[in-house]
Structure formats: C-alpha cells, structure tokens
Amino acid sequence: MELPDFMSYANKFSANDFMEKVSSIAKRAGSKLVYAALILYYTLQSDNVSKADKAIIIGALGYMISPLDVMPDAIPIVGLSDDLAVLLYVLKKVWINVDSDIKARAKEKLDKWFDSDEIEETNDLFKDE
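Here is a short report on the structure shown in this document. These numbers come from a predicted model, not from an experiment.

Basis of the calculations
- Residues numbered from 1 in each chain as written.
- Predicted model: local features only at pLDDT ≥ 70, side-chain atom pairs only at ≥ 80, totals over all residues.
- Heavy atoms only, no water.
- Patch = residues over 30% accessible without salt bridge, like charges linked within 9 Å, V, L, I, M, F, W, Y side chains within 5 Å.
- Areas by Shrake-Rupley, 256 points an atom, 1.4 Å probe, with all protein chains shown as cover.
- Salt bridge = Lys/Arg side-chain N within 4 Å of Asp/Glu carboxyl O.
- Lys, Arg positive; Asp, Glu negative; His and termini not counted.
- Charge placed at Lys NZ, Arg CZ, Asp CG, Glu CD.
- Helix = DSSP H or I, 4+ residues; strand = E, 2+ residues; numbered from the N terminus.
- Core = buried A, V, L, I, M, F, W, Y, C linked by side-chain atoms within 4.5 Å.
- Buried < 20%, exposed > 50% of the residue type's maximum accessible area, 1.4 Å probe, protein only.
- Contact = heavy atoms within 4.5 Å.
- Expected span 1.5 Å × (residues − 1).

## Description of a negative patch on the surface
Side chains of Asp 115, Asp 117, Glu 120 and Glu 121 sit close together on the surface and give a patch of like negative charge. Its location among the elements puts Glu 120 in helix H6 (residues 116-120).

So this is what it looks like as structure tokens:
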C-alpha cells in the first residue's frame, strides 16, 4: 500500500477532534490502531520531540481524523487500514521519542474502551529495539 500525503491533513488535527474521533471509532478500529494513535498523541505533547517530528505526528493524526482519506472509514474492515498504515509509519519514525510514561498513559486510556484481552493484543505491536 502506498502511503498518501498525510502531511496535507495537518490542518485537520485538533486535540478535541482527536479524542472525539478515537472514542467514536475505538471498538470498530481495534485496540492496536487506538494504541498507536494515543502513543502519537501523547508523544506530541512531549517537550523532547522536535518540531519536525511534531509536524509529522500532527499530519498523521489529522489524516486519521479526516473523513476524507484514501479509504473512507465507513467501509467495513478495510476502511481504517490506511489510517493504521499512516500511524505505524509515523510511529516508527518517532519511536525514539516514545518513553515508558507515554506508553503507560496510552495503555491507561485504552482501559476506557477495551477489556484486558484486547489491551494485551497491543503488546506485540511495537517492540523496543
């Protein structure tokens, strides 16, 4: 899958819209997508992240929020796969900035939408290198 120009979606991002979107799609999107999105969201708030990395995070989260993307979110099963691809791509680029506190905050937030089995599925999504 070729990634879209997610940076053109940077103006779609706002913290309020992000949380609203995540809470509305959480169960349908699955714990892995939500975990990746939350990690990026909390990484964005870190003072240890460069402006360049913050820009690509904002682009990725804006892409996720936007109803207009390569595969509309309303399409069952595949509708969120492009969002996940963008989130994982950006997360890999900024992974060095993701500390254990950010991961813990993201896991804590997952408790609102997922049971422990679903949260456990996120453990194999990213491995410390």
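From this point, things continue past the structure.
## So, the nonpolar core
Membership of the largest hydrophobic core comes to 41 residues, with the highest contact counts inside it found for Phe 18, Val 34, Leu 38, Leu 61 and Leu 87. Contributing elements (two or more residues each) for this core: helix H1 (15-29), helix H2 (31-44), helix H3 (51-65), helix H4 (81-94) and helix H5 (100-110). Among the elements that make up this core, the one with the highest residue count is H2 (11 residues). Not counting chain neighbours up to four residues away, the residues in contact with Leu 38 comprise Phe 18, Met 19, Ala 106, Lys 109, Leu 110 and Trp 113.

## Re H2
Taking 1.5 Å of rise per residue, the 14 residues of H2 would be expected to cover 20 Å, and the 20 Å separating its terminal C-alpha atoms lies within 8% of that figure. Summarising burial for H2: 13 of the 14 residues are buried, a large majority.

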